[in-house]
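# Geometric and topological summary
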Amino acid sequence: MAKTIYVDNAATTAMSDIAVEAMKPYLQGIYGNPSSLHSVGQRAKEELEGARELVASCLGAQPREIYFTSGGSEADNQAIRSAAYNGAAKGKRHIISTNFEHHAVLHTLKKLEKEGFEVTYLPVDKSGLITPSQVEEAIREDTALVTIMYANNEVGTILPIRQIGAVCREKKVTFHTDAVQAVGHIPVDVEADNIDMLSLSAHKFHGPKGVGVLYCRRNIPLRTFIEGGAQEKGKRAGTENLAGICSMAAALKDAVDHLSENMAKEERLRNILIEGLSKIPHSKLNGDRQQRLPGNVNMCFEGIEGESLLLLLDAKGICASSGSACTSGSLDPSHVLLALGLPHEVAHGSLRLSLSPDNTEEEMNYIVSEVPKVVEYLRSISPVWEELEKGERCHLI
Amino acid sequence: MALYSEKVMDHFTNPRNVGKLDDADGIGEVGNARCGDIMKIYIKVNDGIITDVKFNTFGCGSAIASSSMATEMIKGKPISEALTLTNKAVAEALDGLPAHKMHCSVLAEEAIRAAIKDYYDKNGISYDPADFPEPSEHEEH
């Protein structure tokens, strides 16, 4: 097998040397429990609070607004449930979101619907955007929460979060954003962006897995979902994952310090892929061309199915992902691609390539040379492609 | 753990009997593009024996592997034997399929039946309709 080319950084990233080094002192040396009163514990506590300050400074937040969690999903769950129940206590049981959120958000909202909440799922347009006025029009007297992702994990579209936040601020509705794909990749500032609550995950920016952050603005009451000790001001019990937290803080600082250069590099590499792969006949770039994460490419190729494409690319050393949830146990095509209005037939044939600054131009050139061959081969054995070519079936893209 | 058995990967990456038969005696097509799987099987029949078989498949790795394995299993066999091929036998021959991919082996069984039925219909050969139930509606997704 050829050398491995990892282009699935939206799924997870390799930990950076900085993140690994930042973790080491806490595995053996500074092993104390931050809740212990003795010196070993208090030493750990200092480090924990240092990490909190660092994370806060990277987000434009105050340290007391940072709550460490087990990751993005936990942060999403807690933020949404907390805001929903706070609203319900005042008779507000309406929530606004979009139809292409991550499942950590969508499934939480589905559960809340069963509990009697009403959710408006704003439809995104064909490039994955919504407008602030769509949000404004959907806000009602009884709206408890608006939760809209910062950038989409599959198609990379960046939403107008600052303007949506401004609408929510004006209407006095709590605004949460799942920023798992955005933080460390594009500029995010909770003050400038008018964000009340934000979720992030360390392993998306070269930090460790199993650790994340819920940012919750100081004037917003946060409810507890993991009961136990008084960690995280009683809002999230459990002895802190100090090694993970300190490693995350270092990874985030590193990502934010090098944001512009990393964005420029990823964009340059991304454009090689988009230009090269768009030459494949009956292919389509999904997501917005301009308002797009610098490292995201998502394409559909008509007449083939995504999983077989992925497996054959894997055999060539290219580790990518498919929008098709086929690989993850569901047979439905991606809800994100369907939300963008793609027909099922086309949505099945998707490929997501997500980059990191560690990728190289040589790797991009290899991908651009190999993907067309695999697409052509799969089309050669596809009865759907045969019908398309014979004109018995209409091309949709 | 790998997603698929080595057998599945072998039949997926080096599929047997892939292609078309321009002079096919029977053609069976099942599945639909909306659901992400279409299997088309071509058979050549001589004296009740399936002398040649080819397939074209749009679908995931296990759909392509199931087509490949199923065509291997009926090639050179009498039609009567091909009609006894079950999806379970195809899946077992592949050293198993993940639970949510079992429908791929069902499609392979149905595609073969559809090709044989097409052969019978084209040649005016009578058959027991019970042998050819309507292909199962692709399960609700």
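Structure shown above.
Residues numbered from 1 in each chain as written. Chains lettered and ligands numbered in written order. Predicted model: local features only at pLDDT ≥ 70, side-chain atom pairs only at ≥ 80, totals over all residues. Heavy atoms only, no water.

## Topic: the pairing of strand β8 (residues 212-216) of chain A
All names here are of chain A. For the record, the criterion: Exposed residues in this analysis have more than 50% of their type's maximum accessible area, buried residues have under 20%, and partly exposed residues fall in between, with area computed by a 1.4 Å probe over protein chains only. Strands here mean DSSP runs of E at least two residues long; helices mean DSSP runs of H or I at least four residues long; both are numbered from the N terminus. For two strands to be treated as a pair, DSSP must find at least two bridges joining them.
Within β8, five of the five residues are buried, leaving the element largely enclosed by the surrounding structure. Neither face of β8 is left uncovered, since the one carrying G212, L214 and C216 and the one carrying V213 and Y215 both have all their residues buried. Inspection of the sheet shows strand β2 (residues 66-69) paired to β8 by four bridges, in the antiparallel sense. For F68, the partnering residue across the bridge sits in β8 and is V213.

## Some points on unusual backbone geometry
Residue and element names in this part refer to chain A. Notably, N194 is not glycine yet its phi reads approximately 60°, a positive angle. Note that N194 resides in the loop between β6 (174-178) and β7 (197-201). Taking relative accessible area as the criterion, N194 reaches 16% and is therefore assigned buried.

## Concerning helix α2 (residues 39-59) of chain A
Residues and elements named next belong to chain A. To keep things clear, this is the line we draw: Between the first and last residue of a helix there are one fewer steps than residues, each counted as 1.5 Å, and that sum is the expected span. In this context, the arc is that of the directions from the helix axis out to the C-beta atoms.
Taking 1.5 Å per residue as the helical rise, α2 with its 21 residues ought to reach 30 Å, and the 30 Å between its terminal C-alpha atoms agrees with that figure. For α2, the full list of buried residues reads G41, A44, L48, A51, R52, V55, A56, C58 and L59. Projected down its long axis, α2 carries its buried residues within an arc of 160°, all on one side. More than 90 degrees from the buried face of α2, the exposed residues found are S39, E46, E53 and S57.

## Focus on the side chain of D118 of chain B
Residues and elements named next belong to chain B. Using the following cut-off: Contacts described as polar in this section are N or O atom pairs within 3.5 Å, which, within protein, must combine one atom able to donate a hydrogen with one able to accept it, while residues neighboring in sequence count only if both atoms come from side chains. By the convention used here, residues are in contact when the closest approach between their heavy atoms is within 4.5 Å.
Relative to the helices and strands, D118 is located in helix α5 (residues 102-122). On the basis of relative accessibility, which here comes to 19%, the residue D118 falls in the buried class. Looking at D118, its side chain comes within polar contact range of the main-chain nitrogen of I27, at 2.7 Å. Here D118 is in contact with D25, G26 and I27, once residues within four sequence places are set aside.

## Here's the deal with the interface of chain B and chain A
Frequently, the measure chosen for interface size is the accessible area that the parts lose on association. Here is the rule: Joining two parts hides part of their accessible area as seen by a 1.4 Å probe, and the buried area is that hidden amount summed over both. Only one rule defines a salt bridge in this text: a Lys or Arg side-chain nitrogen within 4 Å of an Asp or Glu carboxyl oxygen. Three classes are used, and their members are as follows: Ala, Val, Leu, Ile, Met, Phe, Trp, Tyr, Cys and Pro are nonpolar, Asp, Glu, Lys and Arg are charged, and the others, Gly among them, are polar.
Facing 28 residues of chain B, the contacting portion of chain A comprises 25 residues. Each partner contributes to the roughly 2200 Å² buried at the junction of chain B and chain A, and carbon and sulfur atoms together form 63% of this total. When the buried area of chain B at its contact with chain A is split by residue, F12, R34 and F58 of chain B rank highest and sum to 27% of it. In this assembly, chain B and chain A are joined by two salt bridges. Among the salt bridges present, the one from K20 of chain B reaches E386 of chain A, with a minimum N-O distance of 3.0 Å. Where chain B packs against chain A, one counts 10 residue pairs in polar contact (both at pLDDT 80 or more). Elements with a contribution of two residues or more to the side of chain B that touches chain A: α1 (6-13), β2 (37-46), β3 (49-58) and α2 (61-74) of chain B. Class assignment for the residues of the side of chain B that touches chain A results in 12 nonpolar, 10 polar and six charged.

## Some words on the nonpolar core
All names here are of chain A. So the rule is basically this: Remark: nonpolar core denotes a set of buried residues (Ala, Val, Leu, Ile, Met, Phe, Trp, Tyr, Cys) joined through side-chain atoms within 4.5 Å.
V135, V146 and I148 are the most contacted members of the largest nonpolar core, which has 70 residues in total. The element best represented in this core is helix α7 (residues 242-257), accounting for nine residues. Setting aside its immediate chain neighbours within four residues, V135 contacts I96, L122, I130, V146, I148, I164, V167 and C168.

Distances and angles like these do not, on their own, reveal function.
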